[in-house]
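Take a look at the letters that make up each chain.
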Amino acid sequence: MKEKTVSPEKLKKQQEKRLKEIAKWEKEKARPKKNFYIVYLVFIIALIYSVDEIASQIRLLMQTEIANDFFSSGNSTFIKNLVEGIAMPFTALGLFYRPFADKWGRKLFLIVNTIGMSIGMFIIFLSGNVVLYVIGVCFIMFFIPHDMHVVYIMESAPSKSRAIMYSSIKFFANLSVMLIPLLRRLLMNDASEWRKIFLVPAIAGLIVCFVALLLARETDAFIESRLSYLRKTPEELALMEKEEKESNKQGGLITALKFAMRHKQLRWLYIVSAFANIGFAASINYQAIMTFGYAQKEWATGIFLNFDDAVNYVSTGAVTEAIFMFPVGLALAQLVMGFIADKKGRKAAAVTTAANCLIFFVLFSMGSFFGWLPYLTGFFCGAAIGSYYSTNDIIIMMVGESAPTNLRSSASSAQYIVTAVGYGLSMLLNMVLTSSPENGNLLQAPVCFCLLVPGFIAALFLLIKKTHDTTGIDLDTVTGTEWD
């Protein structure tokens, strides 16, 4: 096969571009870290994580009000799943966008993602029709999976306390979700006024971006990895074997996917992630379970003329009260995960959080349908959903700790391709099993539980049997081939 030749002029331009980029990253590397830099970096990341958590949860905590306003339909969960299905391709597009962070840097995407989520929430605030609402959802769905703040935490935190720092920051971010019920209480006198809730976090997100632009610097792990790559001569790159050359590429979704499929640890972590997300429907339908559980209890009293009136009554009453404690349960579940993951290992943490998810999901569902104290039900709900997220966060963390720096962001994106099998199966089964207009919403709790159990059992079995714990691993030196 004839070798591809490059003209001298093109080689010269490539070299000039390479030297210019080396100078750029050398300058960034030389930027002094002022006193307590790690403290205010953690603060910035926590604020950005808060915007991400609010953008992730706000639609889910308002889903009944949104669906009833646009569609005047009691089967709000089916409508919400339909809208999420329409927006899902934009999540897929985001997977191709995320790997560029392995080439262009973490900071750029940290800021761009937050701006994108803020714009999405602002569009929803302005939405006077379902089309504009779906456009806003698509913006949010595109940027949310990128999770560049997670990569920032992993590459900036000390290896011995990486999970604790991650969970502590997420603890703060989850508590910030209390802004949603607070705004519901202050701004939503009627369920139809749900749009107002989106404006405040949209503005806050833009302010946080400005702060990050001024104060955050690029991660050292990325700078060192990028400089190492840029300093290789064309001759050195040409002499590399194909596998070695691919493992030294600076990002790329297909490259990362190929790399993961060739190496045991990442391959099995991807498969584990797919099984763990068979219960994904529970993580997006909890507000409907809560709303229709309380509404069913009120409807049984016979004081309402129709069921929609009962739904509206609990939306501004019991459900808003319950949502106040939702972030507390969410945050505490995350904090527990971090301490167990660093002290006992990633696998022990995954088993614990999965078990907690199932226990608290049962308690939360019972609290909704039997009309328990809303604050208690809200706490149980947050603990269940927080434990679900924690289980998946551990897997995501293990993927990041099992991938080389030059492919870390790309490997996390490629993970979603396999995980999408679990997402898709969960959404499809949930839509089919809860499609009844009469009682579809009331079936959400048992259907979601029946999806969570087998998914977690299969995922934890494979995690324990097929993968290696990554607690305390050095992210600057990991190659991803250590466990082959």
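Above this text is the structure in question.
> I keep staring at the overall build of the protein and nothing clicks. Help me out?
The secondary structure content of the protein amounts to 23 helices and zero strands. Taking 23 Å as the expected radius of gyration for a compact globule of 484 residues, we find that the protein reaches 23 Å, a close match to that expectation. Put simply, the protein has 484 residues, and 56% of those count as buried. Nonlocal contacts in the protein, meaning residues at least 24 apart in sequence, comprise 83% of its contacts between residues at least 6 apart. For the protein, the accessible surface area stands at approximately 20,200 Å², while carbon and sulfur atoms represent 68% of it.

> Can you walk me through helix α20 (residues 346-369) in this structure?
Along an α-helix, a turn takes 3.6 residues, which lines up residues three or four apart on a common side. Across its 24 residues, α20 extends 35 Å between first and last C-alpha, which sits within 8% of the 34 Å expected from 1.5 Å per residue. As for α20, its buried residues are in contact with α9 (162-175), α17 (282-299), α19 (318-343), α21 (374-401) and α23 (444-466).

> For this particular structure, what's the right way to read the side chain of N277?
Within the secondary structure layout, N277 lies in the loop between α16 (264-276) and α17. The buried category is assigned to N277, whose relative accessible area is 3%. A polar side-chain atom of N277 sits 2.8 Å from a polar atom in the side chain of N392. Among residues more than four places away in sequence, those in contact with N277 are Y388, N392, T419, G422, Y423 and S426.

> Please explain the packing of aromatic side chains as it appears in this structure.
Here a ring pair, both rings aromatic, is described through the centre-centre distance and the interplanar angle of the planes. One pass over the structure, following the stated rule, counts 20 aromatic pairs. Ring geometry for W194 versus F198: centroids 5.9 Å apart, planes at 80 degrees, classification edge-to-face. For the pair W194 and F198, one class covers both residues: buried. An aromatic cluster of three or more residues is present, and its members are F360, W372, F379 and F380.

> Looking at this structure, I do not really get the packing of α20 against α21. What am I missing?
α21 packs onto α20 with a crossing angle of 155 degrees between their chain directions and a minimal axis gap of 7 Å. Classified by the interaxial angle, the pair formed by α20 and α21 is roughly antiparallel. Note that α20 runs across α21; the crossing there is left-handed. Along the lines of polarity and charge, the residues of the contact of α20 with α21 split into 16 nonpolar, eight polar and two charged.

> How do you make sense of the pattern of salt bridges when you look at a structure like this?
Pairing between side chains of opposite charge can happen when their charged atoms approach one another. In total, this model carries 15 salt bridges according to the counting rule given. For E21, the salt bridge is made with R226, and the minimal N-O distance between the two is 2.7 Å. Of the two residues, E21 is situated in helix α1 (residues 8-30) and R226 in helix α12 (residues 220-230); the sequence distance between them amounts to 205 residues. The salt bridge partner of R217 is D220, with a shortest N-O separation of 3.0 Å.

> Got a minute to help me understand a nonpolar patch on the surface in this structure?
Taken together, the side chains of I115, I119, V131, I135, F139 and L206 make up a nonpolar region of the molecular surface, amounting to roughly 460 Å² of accessible area. Elements with a minimum of two residues in the nonpolar patch: α6 (106-126) and α7 (130-143). Tallying contributions element by element places α7 first for the nonpolar patch, with three residues. For I115, the location among the structural elements is in helix α6.

> Honestly, the packing of α20 against α23 in this entry has me stumped. Any pointers?
The axes of two packed helices give the description: the angle between them and the distance between them. One can describe the packing of α20 onto α23 by two numbers: an axis separation of 10 Å at closest approach and a directional angle of 170 degrees. Our classification of the angle between α20 and α23 gives roughly antiparallel. Two secondary-structure elements touch here, α20 through K347, A350, V351, A354, C357, L358, F361, V362, S365 and F369 and α23 through A445, C448, F449, L452, V453, F456, L460, L463 and I464. Considered class by class, the residues forming the contact of α20 with α23 number 17 nonpolar, one polar and one charged.

> Sorry if this is basic, but what is going on with the environment of T301 here?
Among the structural elements, T301 can be located in the loop between α17 and α18 (307-315). By relative accessible area, which is 47% here, T301 ends up partly exposed. Note: C-alpha distance between T301 and M141 (160 residues apart in sequence) is 40 Å. One polar contact links the side chain of T301 to the main-chain carbonyl oxygen of E298, over a distance of 2.4 Å.

About the cut-offs
- Residues numbered from 1 in each chain as written.
- Predicted model: local features only at pLDDT ≥ 70, side-chain atom pairs only at ≥ 80, totals over all residues.
- Heavy atoms only, no water.
- Helix = DSSP H or I, 4+ residues; strand = E, 2+ residues; numbered from the N terminus.
- Rg over C-alpha atoms; globule rule 2.2 N^0.38 Å.
- Buried < 20%, exposed > 50% of the residue type's maximum accessible area, 1.4 Å probe, protein only.
- Contact = heavy atoms within 4.5 Å.
- Areas by Shrake-Rupley, 256 points an atom, 1.4 Å probe, with all protein chains shown as cover.
- Expected span 1.5 Å × (residues − 1).
- Polar contact = N/O pair within 3.5 Å; in protein donor to acceptor, adjacent residues only side chain to side chain.
- Phe/Tyr/Trp six-rings, centres within 6.5 Å; stacked < 30°, edge-to-face > 60°.
- Axes fitted to C-alpha atoms, helices over the stretch in contact; angles between N-to-C directions.
- Parallel < 35°, antiparallel > 145°, perpendicular 65-115°, else oblique.
- Left-handed = near helix turned anticlockwise from the far one by under 90°.
- Nonpolar A, V, L, I, M, F, W, Y, C, P; charged D, E, K, R; others polar.
- Salt bridge = Lys/Arg side-chain N within 4 Å of Asp/Glu carboxyl O.
- Patch = residues over 30% accessible without salt bridge, like charges linked within 9 Å, V, L, I, M, F, W, Y side chains within 5 Å.

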